Amino acid sequence: MYELQKSINFNYYEKENQIAEYFFNRILQKYTDEFDVVHYWSTYCYQSIGDFQQINPKTKFLADVYAAHPDYVCEILEP
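> Would you mind going over the nonpolar core with me for this structure?
Generally speaking, soluble globular proteins have nonpolar side chains that are buried together. Formed by Phe 24, Leu 28, Val 38, Tyr 40, Cys 45, Ile 49 and Phe 52, the largest nonpolar core amounts to 7 residues. Residue assignment for this core shows that the elements contributing at least two residues are helix H2 (12–30), strand E1 (37–41) and helix H3 (42–55). The element best represented in this core is H3, accounting for 3 residues. Setting aside chain neighbours within four positions, we find Phe 24 in contact with Val 38, His 39, Tyr 40, Cys 45, Ser 48 and Ile 49.

Printed below as a string of structure tokens:
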């Protein structure tokens, strides 16, 4: 998506969030009974987590708050 954004104008974070919510929600639904702890990035899947918490109140949740911008990450990882 990061590379695509260079060619086509769209809101990178909005699309990334929509895709993350979609897949995270599918994962949570598939493994509902198998989670004791869920580690997540609240920027990308807060809605899925909120829905899951209502259904599974005994599950513990660990929210991570840092997500590096793709420009920063690519500069480090590409070389």
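> Help me out: how do you make sense of a nonpolar patch on the surface in this one?
A cluster of nonpolar residues, Met 1, Ile 19, Tyr 22 and Phe 23, forms a patch on the protein surface that exposes about 390 Å² of accessible area. Relative to the assigned elements, Tyr 22 resides in helix H2. Given a relative accessible area of 43%, Tyr 22 falls into the partly exposed group.

> Before we go on, may I ask you to explain the packing of aromatic side chains in this structure?
The description of an aromatic ring pair uses the distance of the two centres, along with the angle that the planes make with each other. Counted according to the given criterion, the structure contains 5 aromatic pairs. Summarising the aromatic geometry, the rings of Phe 35 and Phe 52 are spaced 6.1 Å apart at their centres and angled 75° between planes, so their arrangement reads as edge-to-face. A residue pair is termed long-range when its members are at least 10 positions apart, and Phe 35 in the loop between H2 and E1 and Phe 52 in helix H3 qualify at 17 residues. We classify Phe 35 as partly exposed; its relative accessible area is 24%. When the centroid spacing of 6.5 Å and the interplanar angle of 80° are considered together, the rings of Tyr 40 and Phe 61 count as edge-to-face. One end of the pair, Tyr 40, is in strand E1; the other, Phe 61, is in strand E2 (residues 60–64), and 21 residues separate them in sequence. Judged by relative accessible area, Tyr 40 falls into the buried class, the value being 11%. When its relative accessible area of 22% is taken as the criterion, Phe 61 is described as partly exposed. Site record: aromatic cluster; members linked through ring pairs are Tyr 31, Phe 35, Tyr 40, Phe 52 and Phe 61.

> Just to check I follow, could you spell out the side chain of Ser 48 for this structure?
Within the fold, Ser 48 resides in helix H3. Excluding its chain neighbours within four sequence positions, the residues that come into contact with Ser 48 are Glu 21, Phe 24, Asn 25 and Leu 28.

Analysis parameters
- Residues numbered from 1 in each chain as written.
- Predicted model: local features only at pLDDT ≥ 70, side-chain atom pairs only at ≥ 80, totals over all residues.
- Heavy atoms only, no water.
- Core = buried A, V, L, I, M, F, W, Y, C linked by side-chain atoms within 4.5 Å.
- Buried < 20%, exposed > 50% of the residue type's maximum accessible area, 1.4 Å probe, protein only.
- Helix = DSSP H or I, 4+ residues; strand = E, 2+ residues; numbered from the N terminus.
- Contact = heavy atoms within 4.5 Å.
- Patch = residues over 30% accessible without salt bridge, like charges linked within 9 Å, V, L, I, M, F, W, Y side chains within 5 Å.
- Areas by Shrake-Rupley, 256 points an atom, 1.4 Å probe, with all protein chains shown as cover.
- Salt bridge = Lys/Arg side-chain N within 4 Å of Asp/Glu carboxyl O.
- Phe/Tyr/Trp six-rings, centres within 6.5 Å; stacked < 30°, edge-to-face > 60°.

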